[in-house]
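# Fold and geometry: a report
Residue strings, one per chain:
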Amino acid sequence: MTIAFAHGIFNSTNTLIQLPFVAVLALIVTKLIPGEDSIIDYKAQHLDPVFIEQSPTIALGQAKEEVLRMGKFALKGLEETNEFLKTKNTKHSANAMQLEDAINNLDRKITDYLINLATSSLSEHDSEEHTMLMDTVRDIERIGDHFENIIELIEYQQSNKVRMTDTAMDDLEIMFNLTVSTVDEALQALDQKNLETARAVVTKEDEIDSMERKLRKQHILRMNEGQCSGQAGIVFVDIISNLERIGDHAVNIAEYVLGEHK
């Protein structure tokens, strides 16, 4: 008992002594180990339920702003996933997974808001926009799922020491950049209701489809020639398949914009 009491008194006293210096200790640690804090606001910022009853049209506009914010998370998550592939630095995978969690949260919040809004009296135009936003939320959420799949593939590559050729990595870089720009333009088309940008997305998605088929064939040839292993082939093909699916969801968003103007 004496030892236990002495130990408890020592720890309590030590804590009380150090308490005034917590801020200084935190500053010292920050200086010794510099880095950027990754803070993602998971909460919806525009979904005020008051507008649903008072002005459904304004509520619809607010929902669109939140959908665009969700889309920016998806775009950033895709960029972080690309950085993880190139650098294998786990801070990028951690950032991407935080973004994916935020996307899932906003998916639920926006969907609930739009469901409540559906009970309001909407004009024909607003009803079309309401349907478009519901569909867009689903596509953005699926983009998050696909870059999460890619992260898991990269982690598998690391843990199993799977080596891919420089050519394969260059091919992935090209397809990643094309996919990121396609998603970016799809969100721009949605934001600005720009038909020209939406048509450009459709064209880019065709390029992604063509590239996926071409890269798949090239990688099979590399495998047949013994340049890479079967494991590398699985990782490569699954990554480009996920990128191709992301392109599909981007073109869905663009087609909603084009359909709204028909």
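Here, the structure is the one placed above.
Here is what the cut-offs are and how they apply
- Residues numbered from 1 in each chain as written.
- Predicted model: local features only at pLDDT ≥ 70, side-chain atom pairs only at ≥ 80, totals over all residues.
- Heavy atoms only, no water.
- Helix = DSSP H or I, 4+ residues; strand = E, 2+ residues; numbered from the N terminus.
- Buried < 20%, exposed > 50% of the residue type's maximum accessible area, 1.4 Å probe, protein only.
- Core = buried A, V, L, I, M, F, W, Y, C linked by side-chain atoms within 4.5 Å.
- Contact = heavy atoms within 4.5 Å.
- Salt bridge = Lys/Arg side-chain N within 4 Å of Asp/Glu carboxyl O.

### Things to note about unusual backbone geometry
- The phi angle at Lys 88 is positive, at roughly 60°, despite the residue not being glycine.
- Position of Lys 88 among the secondary structure elements: in the loop between α4 (56-87) and α5 (90-117).
- Unlike most non-glycine residues, Lys 161 shows phi in positive territory, near 50°.
- Mapped onto the elements, Lys 161 comes out in the loop between α6 (124-159) and α7 (166-192).
- Given a relative accessible area of 74%, Lys 161 falls into the exposed group.

### Considerations on the nonpolar core
- Counting residues in each nonpolar core, the largest one holds 67 residues, and the members touching the most others are Ile 110, Phe 176, Val 183, Phe 236 and Ile 239.
- Counting residues per element, this core draws most heavily on helix α9 (residues 230-260), at 14 residues.
- Those residues in contact with Ile 239 that lie beyond four places of it in its chain are Leu 85, Ile 150, Leu 153, Leu 172 and Phe 176.

### Examining the pattern of salt bridges
- In total, this model carries eleven salt bridges according to the counting rule given.
- Its salt-bridge partner being Glu 66, residue Arg 69 comes within 2.5 Å of it at the nearest N-O pair. Linking Arg 69 with Glu 66, this pair stays in helix α4, spanning three residues, or about one helical turn. Exposure class is identical for Arg 69 and Glu 66. Each is buried.
- A single network of salt bridges, built from pairs that share partners, joins Glu 83, Lys 86 and Glu 173.

What is shown is where atoms sit, not what they do.
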